[in-house]
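# Architecture at a glance
Take a look at the letters that make up each chain.
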Amino acid sequence: MRDIGSCVSEQVVKISDSSCSNPTNQTCRPPKFIPSIQNAVTCLYKTKLSTQKQLHITVTWCKNPLDQGLSITVGDDPSSTFKINTNSRIFRKKKGTRMFESCNSKIDVFWDLSNARYDSGPEPIDGFYVVIVVDSKLGLLLGDIDEETVTKKFKTSISFTQFSLISRREHFSGNTHYSTKAQFCDTGEAHEILIRCGGEDESGFKYPVLSVCIDQKKVIRVKRLQWNFRGNQTIFVDGLLVDMMWDVHDWFFKPATGFAVFMFRTRSVLDSRLWLEEKVHKEQERVEFSLLIYACKNQ
């Protein structure tokens, strides 16, 4: 039996199954289409303070025709969620500070979105900062501000603070074409991900086909999607095993209210391929990342 290492080619992205199949050579040329609208992004961060205390911090960016802003939750208590509305006619605050308590800690939030620049989604790409301080220790730093400025401006300690993005959830609405980016590990690059669901003619009949492309390279292709509406495959990205799962059942059987789910999740070679069977490893901390895409089809 071949080991995993012998199955990895020099290419960054390849399809893999239990027999270590060869990578596809198909390229993904983006067609002329308008991608769906991204209206919400939720990022879950794991923070380890210099005091060794660990916390989960959830940051959600949202955008709709009336409002735009973000919400911040420290820990698992939704009652402690802090919301900022940056696009309301009644209340608009693009720069400020806020203090609240959660997880038996004092939380200070500093933000400046005055010069934030956005792409097509609700999450700013530059020109902003969000700083979260937990018990006078830096808990999370987002945006363009550097650590030295944080120390001087907010008078907080940054030593030994570690935080990493462990989960990202994106909500789309519109057609069946979705475009986003993901960084599967802290040391890796951000990769372009394109998911397309379209028709394909076979012997005079048109069947729906799911195509997944990373950096314009086609890595997954599922034919006759109305029969294969649920499934999973494994790909290699930056030397990591990444399981990709899709569930488009509701598109076919609940078209009025249903939505599709696409998920990318990294895993260790030693983990079970069926990552839905969670196992708790107490001997070591596992570094994982997952990207979930919830897709509503409005047309």
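These figures come from a predicted structure and were not determined experimentally. (Residues numbered from 1 in each chain as written. Predicted model: local features only at pLDDT ≥ 70, side-chain atom pairs only at ≥ 80, totals over all residues. Heavy atoms only, no water.)

### Focus on the overall build of the protein chain
Looking only at helices and strands, the protein chain has three helices and 20 strands in total. In the protein chain, which comprises 299 residues, the share counted as buried stands at 46%. At a minimum sequence separation of 6, the contacts of the protein chain that also span at least 24 residues come to 45%. Element-wise, carbon and sulfur atoms account for 50% of the exposed surface of the protein chain, whose accessible area totals about 17,000 Å². (Helix = DSSP H or I, 4+ residues; strand = E, 2+ residues; numbered from the N terminus. Buried < 20%, exposed > 50% of the residue type's maximum accessible area, 1.4 Å probe, protein only. Contact = heavy atoms within 4.5 Å. Areas by Shrake-Rupley, 256 points an atom, 1.4 Å probe, with all protein chains shown as cover.)

### Concerning the sheet that holds strand β6 (residues 95-102)
The strand order across the open sheet formed by four strands is β6-β7-β10-β11, and the pairing between neighbours is antiparallel. At either end of the open sheet lies a strand with only one pairing partner, and these are β6 and β11 (137-143). Shown here is a sheet whose adjacent strand axes are inclined to one another by a mean of 15°, direction ignored. Pairing geometry for β6 and strand β7 (residues 105-112), over eight bridges, is antiparallel. Looking across to β7, one finds that E101 is bridged to K106. (Pairing = 2+ DSSP bridges. Axes fitted to C-alpha atoms, helices over the stretch in contact; angles between N-to-C directions.)

### Brief notes about the pattern of salt bridges
Inspection of every chain in the model, using the stated rule, returns seven salt bridges. For the salt bridge of K95 with D112, the shortest nitrogen-to-oxygen distance reads 4.0 Å. With K95 in strand β6 and D112 in strand β7, this residue pair connects regions lying 17 residues apart in the sequence. On the basis of relative accessible area, K95 is assigned to the partly exposed category, the value being 49%. On the accessibility criterion, D112 (14% relative accessible area) is buried. (Salt bridge = Lys/Arg side-chain N within 4 Å of Asp/Glu carboxyl O.)

### Things to note about the nonpolar core
Core analysis: the largest hydrophobic core is formed by 29 residues, its most contacted members being I195, L210, F262 and F264. Elements with a minimum of two residues in this core: β13 (177-182), β14 (191-202), β15 (205-214), β16 (217-222), β17 (230-237), β18 (240-247), β19 (259-267) and β20 (290-297). Of all hydrophobic cores here, the second largest spans 25 residues; its members include C43, Y45, F82 and I107. (Core = buried A, V, L, I, M, F, W, Y, C linked by side-chain atoms within 4.5 Å.)

### A closer look at the confidence of the model for the protein chain
Confidence along the protein chain averages 79 in pLDDT terms, with 76% of residues attaining 70 or more. Of the regions scoring below 50 in pLDDT, residues 15-23 engages in 20 contacts with residues more than four places distant in sequence or in other chains. Long-range and interchain partners of residues 274-285, a stretch whose pLDDT sits below 50, account for twelve contacts in this model, where long-range means more than four residues apart. (pLDDT = per-residue confidence, 0-100.)

### Here we look at the packing of aromatic side chains
Under the counting rule described, the total for this entry stands at twelve aromatic pairs. The structure contains a cluster of three or more aromatic residues connected by ring pairs, namely F172, Y178, W251 and F262. Taking the ring centre of Y207 as reference, the NZ or CZ of R224 above it sits at 4.1 Å. (Phe/Tyr/Trp six-rings, centres within 6.5 Å; stacked < 30°, edge-to-face > 60°. Lys NZ or Arg CZ within 6 Å of the ring centre and 35° of its normal.)

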